[in-house]
Amino acid sequence: SAIGYDQRILLHNPFPDEAVVRVSLLTPAGEQLDQAGLDDVAVPSGEYQEVVLNEFVTPRKHIGAAVIALRGRVVAWKGIIGAARDSPHGFELTVGAPAPALRWFFPHGLIGEGTEETIALLNPNDRQVTVTVSLAGERNAVQPAGLVDLPVPPHSSRSVPLGAVAPNSLSGSRRGASVTVTSTNGLPLVAERRLARVGEDDSGRASELGATVEAREWWLAPPALGAREDLVALLNPSAHDARVSLELLFSDRPPLRPEPLRLEIGAGLRAAVSLDRWRSAGPAGVLVSSDAPLVAERASYSPAARDMADVMGTPLTPNAR
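Reading guide: rules and limits
By convention here, each chain's residues receive numbers from 1 onward along its written sequence. Restriction of local features to residues with pLDDT of at least 70 applies here, the model being predicted, together with a cutoff of 80 or more for giving and counting side-chain atom pairs; totals for whole chains, interfaces and linings are based on all residues. Values reported for side chains reflect all heavy atoms of the structure, with hydrogen atoms and water molecules removed beforehand. Each residue carries a pLDDT score, the predictor's confidence in it, ranging from 0 to 100. Each helix corresponds to a stretch of at least 4 residues labelled H or I by DSSP, and each strand to a stretch of at least 2 residues labelled E; elements are numbered beginning at the N terminus. Paired strands are those between which DSSP finds at least two bridges. Axis definition: a line fitted to C-alpha atoms, over the contacting stretch in the case of helices. Angles run 0 to 180 degrees between N-to-C directions. In this description, a nonpolar core means a group of buried Ala, Val, Leu, Ile, Met, Phe, Trp, Tyr and Cys residues linked to one another through side-chain atoms lying within 4.5 Å. Burial classes: relative accessible area under 20% of the type maximum marks a residue as buried, over 50% as exposed, and values in between as partly exposed (1.4 Å probe, protein chains only). Any pair of residues with heavy atoms lying within 4.5 Å of one another is described as a contacting pair. Any Phe, Tyr or Trp ring, taking Trp's six-membered ring, that has another such ring centre within 6.5 Å forms a pair; planes under 30 degrees apart are called stacked, those over 60 apart edge-to-face, and the others tilted. For a Lys NZ or an Arg CZ to count as sitting over a ring, it must be within 6 Å of the ring centre and within 35 degrees of the ring normal. A 3.5 Å cut-off defines polar contacts: any pair of N or O atoms within that distance qualifies, except that in protein one atom must be a possible hydrogen donor and the other a possible acceptor, and neighbouring residues in sequence count only when both atoms are side-chain atoms.

### Quick notes on the confidence of the model for the protein chain
For the protein chain, the average pLDDT comes to 88, and 93% of its residues sit at 70 or higher. Within the protein chain, strand E3 (residues 30–32) has the poorest average pLDDT of any element, 72, and strand E9 (residues 103–106) the best, 98.

### Considering the sheet that holds strand E1 (residues 5–12)
Taken in spatial order, the four strands line up as E5-E1-E7-E8 in an open sheet, and their pairing is antiparallel. Both outer strands of the open sheet, strand E5 (48–52) and strand E8 (90–95), are each paired with one neighbouring strand and no more. Neighbouring strand axes in the sheet, compared pairwise and without regard to direction, differ in orientation by 20 degrees on average. Across six bridges, the pairing between strand E7 (residues 75–82) and E8 is antiparallel. Pairing of lysine 78 across the sheet is with threonine 94, part of E8.

### Topic: the nonpolar core
Generally speaking, a soluble globular protein has its nonpolar side chains buried in company with each other. Counting 56 residues, the largest nonpolar core has Trp104, Leu121, Leu162, Val181, Leu234, Leu246 and Val288 as its most contacted members. A total of six residues in this core trace back to one element, the largest contributor, which is strand E23 (residues 285–302). What leucine 234 contacts, discounting residues up to four positions off in sequence, is Pro107, Ser178, Val244, Leu246, Ile265, Leu269, Arg270, Ala271, Val288, Leu294, Val295 and Ala296. By size, the runner-up hydrophobic cluster in this structure holds 14 residues, among which are Leu11, Val43, Val51 and Val57.

### Quick word on the environment of glycine 268
Position of glycine 268 relative to the elements: it lies in the loop between strand E21 (262–265) and strand E22 (270–274). The class for glycine 268 is partly exposed, based on a relative accessible area of 23%. Along the backbone, glycine 268 and alanine 242 are 26 residues apart, and their C-alpha atoms lie at a distance of 9.8 Å. With residues up to four places along the chain from it excluded, the contact list for glycine 268 reads Ala136, Ala141, Asn236 and Ser238.

### Here's the deal with the pairing of strand E17 (residues 204–209)
Taken across its six residues, E17 has six buried, putting it largely inside the fold. Neither face of E17 is left uncovered, since the one carrying Gly204, Ala206 and Glu208 and the one carrying Arg205, Ser207 and Leu209 both have all their residues buried. Across six bridges, strand E16 (residues 190–197) lies against E17 in antiparallel orientation. By the bridge assignment for E17, alanine 196 is matched with arginine 205.

### Notes on the sheet that holds E16
Pairing is antiparallel in the open sheet, where four strands are placed in the order E14-E10-E16-E17. In the strand order of this sheet, the two ends are held by strand E14 (156–161) and E17, each with one partner. Neighbouring strand axes in the sheet, compared pairwise and without regard to direction, differ in orientation by 20 degrees on average. Sheet topology places strand E10 (residues 115–123) next to E14; six bridges connect them, and they run antiparallel. Within the sheet, the bridge partner assigned to alanine 120 lies in E14 and is serine 159.

### Overview of the packing of aromatic side chains
One pass over the full model with this rule turns up zero aromatic pairs. Its end group placed over the ring of phenylalanine 15, arginine 73 keeps NZ or CZ at 3.8 Å from the ring centre.

### Comments concerning the side chain of serine 290
Take serine 290: it is sitting in strand E23. You can call serine 290 buried: its relative accessible area is 10%. Separated by 2.6 Å, the side chain of serine 290 and the backbone oxygen of alanine 292 make a polar contact. Those residues within four positions of serine 290 in sequence are excluded, and the remaining contacts are Arg216, Ala242, Arg243 and Val244.

And the structure:
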């Protein structure tokens, strides 16, 4: 809710009965429950409500939210319009997490020159969570000392910038590194990644909730139409090398299975695959198949929107480990 940002919580009720929710705000200083107008938000059946957080809180650089249904059920998103002078302009839209988890995976990353990457952590528990953030590149995986056993107090949120702690071996280009967030004291949490690119012709911002499962097959929809860049990021958190193939799926033509989209990813490492050479064939979904469980994400940059976009993959098969 800082100056130059417009943050909203979007609530949708697709069910036949009215829902009533409470929105609790979680800051680094702890939960705030005294915000008038956020304790009893009605969402009629088949409709949605928009909660403009800037109308309820003073300007803050970091704020999380917990949406709790007192009656019925809802789906919740976070939307942010960023137009601050000292930050890239763009739009972020992230679906909320229905439950906390012990591990969160982020295959895509932009730890490098002209980029900003931040991991946002939210602790909904009554006890402190300790968190370790690990980084994986295409040739090596590292554990920066500054990202081990980070404390997140009860009912609070915390922002962890990665650029200052990433080693040079991982931050030499915009391909960056994959991230794994792990609770080290057995209490679950929620983790989200925020990305920003600063450049003359590719400035933008995006955020995405992490994945909590590994799978042998993933479906990836196009993050944006008319994208100038189209990238699939793959993280192999398993202890075994993974042989992976990508298949491009179109609505009006047979699938493409190009040989360049077959690769091997070492245990604990990641890979980034550009789809730019097939962009002229039109929008395509991507089916990722692997002989070991992994995590897949897709990212793009849209010149028409002057913004970047990310979408976490949808797992099609369960973790077989």
